[in-house]
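Each chain, written out:
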Amino acid sequence: MYNYLIVGAGLFGSTFARLATDAGKKCLIIDKRAHIAGNCYTENTNGIHKHVFGPHIFHCNDENIWQFVNRFAQFNNFVNRPIAINNGKAFSLPFSMYTFNAMWGVTTPEEAIEKIESQRLKLDREPLNLEEQALTLVGEDIYNTLIRDYTKKQWQKDPKELPPTIIKRLPVRMSWDNNYFYDKYQGIPIGGYTAMFENMLEGIEVKTNVDYFADKEYWDSLAEKVVFTGKIDEYYGFQHGELEYRSLRFETETIQRDNYQGNAVVNYNSADVPWTRIIEHKHFDQNSADQNVTIVTKEIPDTWSREKTPYYPIGDEVNMAIFKKYEDMAKLETNVIFGGRLAEYRYYDMHQVINSAFNKFENQI
Ligand code: UDP
């Protein structure tokens, strides 16, 4: 008998399994995919660690979380400095003095603030949607050039229909610091995420290619408790309706060239380009790359349907109302723990998933 059956070998499941195993519990992890690491999964081709399900850049402020991941991998000093391109012109992301300089020619924070102030939307209430949030934050020029069409493309929804919270993720800096993340710690595991997960799962029984729902009763019978990290609506047979996600299609190419775009992440912000961004994987880890070859991935948003891979939860009112019903059901469970991006239906960064696993495991003891 296992103490925990963990459904899903992604970041939540693997963290929980590690903590439980370290505490002397017996765990079995199953995953319907052929591999571990969930959407963090990386594949090694020509020494380039390809982020198969989209780029994952680890960053956090929390000492415990940083120490935890460093048990399983050494992190490089990668710093995310994405570029946003509109109509042949490159801007820096986060919105910083580099962005304001490219947009308006201004060179001081004072000039940038004045420029934003002159075109900012002024509301006497909280912004109700993403468009209002963006317009109050950075004004029309930046909204029109770097946010409106990118967001429409990425979410396949009008920014007026999206929650303001999404854009709160986007940093605005009155400095020439173009490091996207403010966090104390940042980096990519040297050797790729898959190797990090292999280390994390050392000594833990893992079965891949296993469909939990095909024989839920059997799998449940193996353990005292179940940790479920899949889609919460699927767990409950979609009885309160289906939660929506933003899905993605990846077009990956190997190119016989040392350097394709000179940066790991380049966003394409205009409506006429179908992809939201191009990832050039070797720039995540300069040291590991073959000099004559590079791998690039175009990320193209895809409409959601049940069989596709879920990426980003859409936290709008309709979906949150549905989620609430499932969450209420989950709260009544005594032997099932729900955790991670899909089970908690949260737009989580990696460190937040780990934090959630820390908390949920702590609740157990
Ligand atoms: N965003 C934008 N322009 C950009 C990058 C981001 O308008 O060039 C908006 C977009 O609505 C996106 C949100 O900011 O959904 C959050 O972006 P972030 O890059 O944090 O999302 P990620 O895809 O990395 O999770």
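The rules we used
- Residues numbered from 1 in each chain as written.
- Predicted model: local features only at pLDDT ≥ 70, side-chain atom pairs only at ≥ 80, totals over all residues.
- Heavy atoms only, no water.
- Helix = DSSP H or I, 4+ residues; strand = E, 2+ residues; numbered from the N terminus.
- Rg over C-alpha atoms; globule rule 2.2 N^0.38 Å.
- Buried < 20%, exposed > 50% of the residue type's maximum accessible area, 1.4 Å probe, protein only.
- Lys, Arg positive; Asp, Glu negative; His and termini not counted.
- Charge placed at Lys NZ, Arg CZ, Asp CG, Glu CD.
- Pairing = 2+ DSSP bridges.
- Domains from an automatic or database assignment.
- Buried area = accessible area lost by both parts, 1.4 Å probe.
- Salt bridge = Lys/Arg side-chain N within 4 Å of Asp/Glu carboxyl O.
- Near = heavy atom within 4 Å.
- Polar contact = N/O pair within 3.5 Å; in protein donor to acceptor, adjacent residues only side chain to side chain.
- Areas by Shrake-Rupley, 256 points an atom, 1.4 Å probe, with all protein chains shown as cover.
- Nonpolar A, V, L, I, M, F, W, Y, C, P; charged D, E, K, R; others polar.

A few words now on the overall build of the chain. In terms of helices and strands, the chain carries 12 helices and 16 strands. Expected size for 365 residues packed as a compact globule is a radius of gyration near 21 Å; at 21 Å, the chain falls within 12% of this value. Dimensions along the principal axes, computed over C-alpha positions, put the chain at roughly 65 × 50 × 35 Å. With 365 residues in all, the chain has 57% of them scored as buried. Both charge centroids of the chain, one from 40 positive and one from 50 negative side chains, sit 1 Å from each other.

Take the pairing of strand 4 (residues 48-51) next. Neither face of strand 4 is left uncovered, since the one carrying Ile-48 and Lys-50 and the one carrying His-49 and His-51 both have all their residues buried. Inspection of the sheet shows strand 3 (residues 42-45) paired to strand 4 by four bridges, in the antiparallel sense. Counted as the bridge partner of Thr-45 is Ile-48 from strand 4. Counting the residues in the hairpin turn of strand 3 and strand 4 gives two residues, including Asn-46, whose phi is positive at 50°.

Turning our attention to the domain arrangement of the chain. If you check the domain split of the chain, you get domain 1 (2-78 + 185-243 + 313-364) and domain 2 (83-168). Averaged C-alpha coordinates put domain 1 and domain 2 at centres separated by 33 Å. Here domain 1 and domain 2 share an interface that buries about 400 Å² over both sides, 74% of which is from carbon and sulfur atoms. Inspection of the region where domain 1 meets domain 2 yields one salt bridge.

Residues Arg-277 and Ile-279 line one face of strand 13 (residues 277-280) and the alternating positions Ile-278 and Glu-280 line the opposite face, and both faces are buried. As paired strands, strand 12 (residues 265-268) and strand 13 are joined by three bridges and run antiparallel to one another. Across the sheet, residue Val-266 finds its bridge partner in strand 13, namely Ile-278. The pairing of strand 13 with strand 14 (residues 294-302) spans four bridges and is classified as antiparallel. Considered in strand 14, the bridge of Ile-279 is made with Thr-297.

Here we come to the site of the ligand. Around the ligand lies a shell of 17 residues, among which Leu-146, Thr-151, Gln-154, Trp-155 and Tyr-347 are the nearest. A distance of 2.5 Å is found between an oxygen atom of the ligand and a side-chain nitrogen or oxygen belonging to Gln-154. Taking Asn-269, its side chain carries an N or O atom lying 2.9 Å from an oxygen atom of the ligand. Here the ligand has 530 Å² of accessible area as a free molecule, and 93% of this is covered by the chains. For the shell around the ligand, the secondary-structure elements that each account for two or more residues are helix 6 (140-155) and helix 7 (165-168). Each residue belonging to the shell around the ligand can be placed in one class, and the counts come to 11 nonpolar, four polar and two charged.

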